[in-house]
Amino acid sequence: MNYKTPVLRFPQDIATAVGLITQGECIAVKTETVYGLAADATNEHAIENVFKAKGRPANNPLIVHIASVDDISHWARDIPDIAYQLADAFWPGPLSILLKKKRWVSDKVTGGHDTIVLRVPSSENFITLIRAANTGLAAPSANKYKFISPTCAEHVLRSLDGRIAAVVDGGQSDVGIESTIIDVTAPVPTIVRPGPIDDLMIEQALARPVKYADSLGVTVPGSAKQHYQPNTPVYLLSTEALSQMLLHNDEGVISYTALSESIKGECRNIIQLARDPAQYSAHFYASLYQLDKQNLRCIYLEETPYDKAWLAINNRIGRVVAK
Ligand code: TXA
Ligand code: MG
């Protein structure tokens, strides 16, 4: 495949990547959750480039990625102790913390809100870039607005080739879904986007209760219901409904249970993911990308258990199939 966007590799291309960030370009880099589209969070022109490349509305704010907990106070004010407890317990890692922002932080990053979301990612490539660029990096997932979040460089290029200055190929993101976001400005710490770190893990770290927000994943007003969507239509089917199908070869399936031969028929596009939620997450977006590439008539997605362990996945699935 001939791409317009250059593919870089670390460590040999670190200087090139830093040069692009310094010039106000945005480049895709692996984080442990999904690939992020990184830009200098202190450069408004760079932030505009991120919104332009993604086609994302300017009022939907970006997470700022920092190198260490010591940088929290550079970006945020009125920081409660629990923010530091959470950082101690989960950073570097897939937890993003919503705080009050310092006044100097550009409204372009925070979508005009008085808050900022901060995270120290654990992916070596991303941390290396933050340190070498010596600034916070704003980074949404590196996909066109509403499209599937990418977990490898090829996914990024599927929707952003020719729209971004580079992608740093660091292999696969192993967590596979976006970070948990927790609002610590509320009287009770509130998970606003469920993710790899759940309420029980957080309650254990804080030794106090936390709650889930009512409309999970919609962290700012007006945020679209549809998200993480491939071009191919996706239909949600119960295990039971799936067991009564006779599949055709222009259809695809993502299941977590084994399908019998009588259901599979001539269909070759069946991806069976793990029954374990963490392993399922690791391959969920990749399986959507894989099936979407094949120009199928539709993709059937088997409903996963309505069990708390599947909360983050069910939240993503709800938005994949939202009309
Ligand atoms: O795992 C992740 O979090 C990935 C990697 C790249 O770090 N990033 C990611 O970014 O998922 P994005 O932009 O796709 O999702 C960030 C979410 C959005 O729903 C956005 O509205 C919310 O965080 N958000 C960011 N800043 C916010 C703020 N100040 N107030 C409320 N919500 C905010
Ligand atoms: Mg996203």
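Preceding block: the structure.
What you are looking at is a predicted structure, and each value in this text was computed from that prediction instead of being measured.

Caption draft 1: Representation of the packing of aromatic side chains in the model. Under the defined criterion, the tally for this structure stands at 8 aromatic pairs. Residues Trp-75 and Trp-104 carry aromatic rings whose centres are separated by 5.0 Å and whose planes lie at 45 degrees to one another, so their mutual orientation is tilted. Of this pair, Trp-75 sits in helix 3 (residues 72-75) while Trp-104 sits in the loop between strand 6 (95-101) and helix 5 (107-110), and the two are 29 residues apart along the sequence. Among the residues examined, Trp-75 registers a relative accessible area of 3% and is labelled buried. Ring plane angle 40 degrees and centroid distance 6.4 Å describe the contact between Tyr-235 and Tyr-300, whose orientation is recorded as tilted. Note that Tyr-235 is positioned in strand 13 (residues 234-237) and Tyr-300 in strand 16 (residues 298-302), a separation of 65 residues in sequence. Looking at Tyr-235, the relative accessible area reads 38%, which means it is partly exposed. By the ring-pair criterion, three or more aromatic residues cluster together here, those being Tyr-228, Tyr-256, Tyr-280, Phe-284, Tyr-285 and Trp-310.

Caption draft 2: A look at the side chain of Gln-229. The residue Gln-229 is located in the loop between strand 12 (211-212) and strand 13 in this model. In terms of polar contacts, Gln-229 uses its side chain to reach the backbone carbonyl oxygen of Val-320, at 3.0 Å. From its side chain, Gln-229 meets the backbone oxygen of Ala-322 in a polar contact 2.8 Å long. Once residues within four sequence positions are removed from consideration, Gln-229 is found in contact with Lys-146, Phe-147, Ile-148, Arg-319, Val-320, Val-321 and Ala-322.

Caption draft 3: Spotlight on the pattern of salt bridges. The full count for this structure, using the stated rule, is 13 salt bridges. Note that Glu-48 and Lys-108 form a salt bridge whose closest N and O atoms lie 3.4 Å from each other. Here Glu-48 is found in helix 2 (residues 44-54), whereas its partner Lys-108 is found in helix 5, with 60 residues between them in sequence. Overall, the relative accessible area of 39% leaves Glu-48 in the partly exposed class. A salt bridge links Asp-250 to Arg-297; its shortest N-O distance comes to 3.8 Å. Here Arg-297 lies in the loop between helix 11 (277-292) and strand 16 and Asp-250 lies in the loop between helix 9 (239-243) and strand 14 (251-255), a separation of 47 residues in the sequence. On the accessibility criterion, Arg-297 (45% relative accessible area) is partly exposed. It is possible to trace a salt-bridge network through shared partners that takes in Arg-77, Asp-78 and Asp-114.

Caption draft 4: Geometry of a nonpolar patch on the surface. Together, Met-1, Tyr-3 and Val-7 give the surface a local cluster of nonpolar side chains, amounting to about 330 Å² of exposed area. Relative to the assigned elements, Val-7 resides in strand 1 (residues 7-8). On the basis of relative accessibility, which here comes to 34%, the residue Val-7 falls in the partly exposed class.

Caption draft 5: Focus on the site of ligand 1. Residues in close proximity to ligand 1 total 24 residues, the closest being Thr-33, Asn-60, His-65, Ser-179 and Arg-193. Asn-60 is positioned with one of its side-chain polar atoms (N or O) 2.6 Å from an oxygen atom of ligand 1. The side chain of Arg-119 places a nitrogen or oxygen atom 3.1 Å from an oxygen atom of ligand 1. When residues of the shell around ligand 1 are traced back to their parent elements, those giving at least two are strand 4 (63-65) and strand 7 (115-119). Broken down by element, the shell around ligand 1 gets its largest block of residues, 4 residues, from strand 7. Residue composition of the shell around ligand 1, grouped by class: 11 nonpolar, 9 polar and 4 charged.

Rules of the game
- Residues numbered from 1 in each chain as written.
- Chains lettered and ligands numbered in written order.
- Predicted model: local features only at pLDDT ≥ 70, side-chain atom pairs only at ≥ 80, totals over all residues.
- Heavy atoms only, no water.
- Phe/Tyr/Trp six-rings, centres within 6.5 Å; stacked < 30°, edge-to-face > 60°.
- Helix = DSSP H or I, 4+ residues; strand = E, 2+ residues; numbered from the N terminus.
- Buried < 20%, exposed > 50% of the residue type's maximum accessible area, 1.4 Å probe, protein only.
- Polar contact = N/O pair within 3.5 Å; in protein donor to acceptor, adjacent residues only side chain to side chain.
- Contact = heavy atoms within 4.5 Å.
- Salt bridge = Lys/Arg side-chain N within 4 Å of Asp/Glu carboxyl O.
- Patch = residues over 30% accessible without salt bridge, like charges linked within 9 Å, V, L, I, M, F, W, Y side chains within 5 Å.
- Areas by Shrake-Rupley, 256 points an atom, 1.4 Å probe, with all protein chains shown as cover.
- Near = heavy atom within 4 Å.
- Nonpolar A, V, L, I, M, F, W, Y, C, P; charged D, E, K, R; others polar.

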